[in-house]
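# Coordinate analysis (summary)
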Amino acid sequence: MADTCGQILLGSGLTVLSHPLMYIKVLIQVGHEPLAPSLGRNLFGRQVSQLPGLFAYAKHIIKIDGKVGLFNGLGPRLCAGSIGTIVHSNVVQICQEHCTPQVLGGQQKAVEGSLQHVVNETTKEMIARSCATIVTHPFHVITLRCMVQFIGRETKYSGVFDSIVTVYKEEGVLGFFAGLIPRLLGDVLSLWICNLLAHLINTYAIDDSMSHTGEIKNCSQAVTGFFASMLTYPFVLVSNLMAVNNCGLAGGLPPYASVCPTWVDCWRHLSREGNMSRGNSLFFRKLPAGKMYAVDQKRFF
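Cut-offs and rules
- Residues numbered from 1 in each chain as written.
- Predicted model: local features only at pLDDT ≥ 70, side-chain atom pairs only at ≥ 80, totals over all residues.
- Heavy atoms only, no water.
- Helix = DSSP H or I, 4+ residues; strand = E, 2+ residues; numbered from the N terminus.
- Rg over C-alpha atoms; globule rule 2.2 N^0.38 Å.
- Buried < 20%, exposed > 50% of the residue type's maximum accessible area, 1.4 Å probe, protein only.
- Contact = heavy atoms within 4.5 Å.
- Areas by Shrake-Rupley, 256 points an atom, 1.4 Å probe, with all protein chains shown as cover.
- Lys, Arg positive; Asp, Glu negative; His and termini not counted.
- Charge placed at Lys NZ, Arg CZ, Asp CG, Glu CD.
- Patch = residues over 30% accessible without salt bridge, like charges linked within 9 Å, V, L, I, M, F, W, Y side chains within 5 Å.
- Salt bridge = Lys/Arg side-chain N within 4 Å of Asp/Glu carboxyl O.
- Phe/Tyr/Trp six-rings, centres within 6.5 Å; stacked < 30°, edge-to-face > 60°.
- UniProt positions renumbered as here; feature names shortened; annotations may be inferred.
- 1 Å grid on protein atoms, 1.4 Å probe; cavity = no way out; pocket = protein on both sides within 12 Å on 5 of 7 lines; lining within 4 Å.
- Points joined across faces, edges and corners; volume = space filled by probe spheres on them.
- Nonpolar A, V, L, I, M, F, W, Y, C, P; charged D, E, K, R; others polar.
- Expected span 1.5 Å × (residues − 1).

By the naming in an unreviewed UniProt entry, the protein chain goes by Mitochondrial carrier 2 and is assigned to Liparis tanakae.

The structure is reproduced here in structure tokens:
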């Protein structure tokens, strides 16, 4: 219990610190570009036309809503983080106590560091993460909608409880799980890619006789985690877009955004438009190829 409380406190602190970054990222993901492209320099020092980055976007939000405006949607996100931590910890404990090797696909207790051990541990983590994601997704949906209100200057989602009532009245129970499937798929794929790649690197590329082997293995885990998140980013993008799609906010309705019946349609639309990586970078943002900037709508089309 003490460990769980400590995780909640630490997670809440990190959530508060990272929230402005997520807020800006979500606005970019839905295509909101309030600032026109400007001349800047790329990583090689060449002068190029580029979109405003993280700090310019943050200044724009502060200019309109003040510094407090950078924390729109923080309440439901904190709720999601706290509840998710509790669910994750409890499910992990249940798996440790009740999930036998046979249940997880093994015939006997796997040797630590073996492929079977990695598969068993990844399966447990997948179950725990999936349960936490499903339980907290309604708060995730509300968080995203609180953020996207910035585009149309709406106040439809003003608090956790009021937002829950609003979603239920307008969309029913299913409204709380908009965008859940691509989010789950992305989480599961990212977890398996990360752990299996790390296992291959640690087994075949790192010699146990090397000095600082532990640090090197931790580094490989971080690198494979970053690589996996890059590969599965389209699932995150599609999930976030479906969470706000056709929800009554300007940022999720035409002419600003296309209405997509399913997440597969959203994926296909983004793929056709060449926007599968939109919002993936917050620095050195390139202009979309073949797009025109609409000053009145503050987006590219």
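With that settled, consider the overall build of the protein chain. Helices and strands together make up the secondary structure of the protein chain, namely nine helices and five strands. Traced from its N-terminal end to its C-terminal end, the protein chain shows the element sequence α-β-β-α-α-α-α-α-α-α-α-β-β-β. Relative to the globule expectation of 19 Å for 301 residues, the C-alpha radius of gyration of the protein chain, 21 Å, shows essentially globular dimensions. Once the C-alpha set of the protein chain is aligned to its principal axes, its extents read approximately 65 × 50 × 35 Å. Counting over 301 residues, the protein chain shows a buried share of 42%. Relative to all contacts within the protein chain whose residues are 6 or more apart in sequence, the contacts with residues 24 or more apart total 73%. As presented, the protein chain carries roughly 16500 Å² of accessible surface, and 64% of it is formed by carbon and sulfur atoms. Positive and negative side-chain charges of the protein chain, numbering 24 and 18 respectively, have mean locations separated by a distance of 11 Å.

Okay, a nonpolar patch on the surface next. A contiguous nonpolar patch, built from Ile134, Tyr168, Val173 and Phe177 and spanning about 370 Å² of accessible area, is present on the exposed surface. The residue Phe177 is located in the loop between helix H5 (160-171) and helix H6 (180-204) in this model. Look at Phe177 and you get partly exposed, because its relative accessible area is 30%.

Inspection of the entire model under this criterion finds five aromatic pairs. Relative to Trp267, the ring of Trp263 lies with its centre 6.3 Å away and its plane at 80 degrees, an arrangement referred to as edge-to-face. Of this pair, Trp263 and Trp267 both sit in helix H9 (residues 263-273), four residues apart, which is roughly one turn of the helix. A relative accessible area of 22% means that Trp263 is categorised as partly exposed.

The UniProt entry lists residues 116-204 under the feature "repeat: Solcar" (unreviewed entry), expressed in the numbering used here. Between the end C-alpha atoms of residues 116-204 there is a gap of 16 Å, over a span that is 83% helix and 0% strand.

Mapped onto the secondary structure, Thr166 falls in helix H5. With a relative accessible area of 17%, Thr166 lands in the buried category. Each C-alpha atom, one on Thr166 and one on Phe176, is 10 Å from the other, the two residues being ten residues apart in sequence. Setting aside anything within four residues of it in sequence, one finds Thr166 in contact with Lys156 and Tyr157.

Quantified by volume, the largest pocket comes out at close to 1500 Å³. Lining the largest pocket we find 43 residues, and of these Met22, Arg77, His140, Arg183 and Asp187 sit closest to its centre. Contributions of two or more residues to the lining of the largest pocket are made by helix H1 (2-29), helix H3 (74-98), helix H4 (115-152), H6, helix H7 (213-231) and helix H8 (233-244). Per-class residue counts for the lining of the largest pocket are 15 nonpolar, 22 polar and six charged. Of the pockets and cavities examined, the second largest pocket occupies roughly 870 Å³. Along its surface, the second largest pocket is lined by 37 residues, and Ile28, Gly31, Asn275, Arg278 and Pro288 are the ones closest to its centre. Elements with a minimum of two residues in the lining of the second largest pocket: H8, H9, strand E3 (285-286) and strand E5 (299-300). It is H9 that provides the largest number of residues to the lining of the second largest pocket, a total of four residues. Taken together, the residues that form the lining of the second largest pocket break down as 18 nonpolar, twelve polar and seven charged.

Now for the pattern of salt bridges. Tallying each qualifying case throughout the model produces seven salt bridges. Its salt-bridge partner being Arg145, residue Glu171 comes within 2.6 Å of it at the nearest N-O pair. With Glu171 in helix H5 and Arg145 in helix H4, this residue pair connects regions lying 26 residues apart in the sequence. Look at Arg145 and you get buried, because its relative accessible area is 0%.

Taking 1.5 Å per residue, 25 residues should reach 36 Å; H3 reaches 36 Å between its end C-alpha atoms and fits that length. Listed in full, the buried residues belonging to H3 are Leu74, Pro76, Arg77, Ala80, Gly84, Thr85, Val87, Ser89, Val91 and Cys95.

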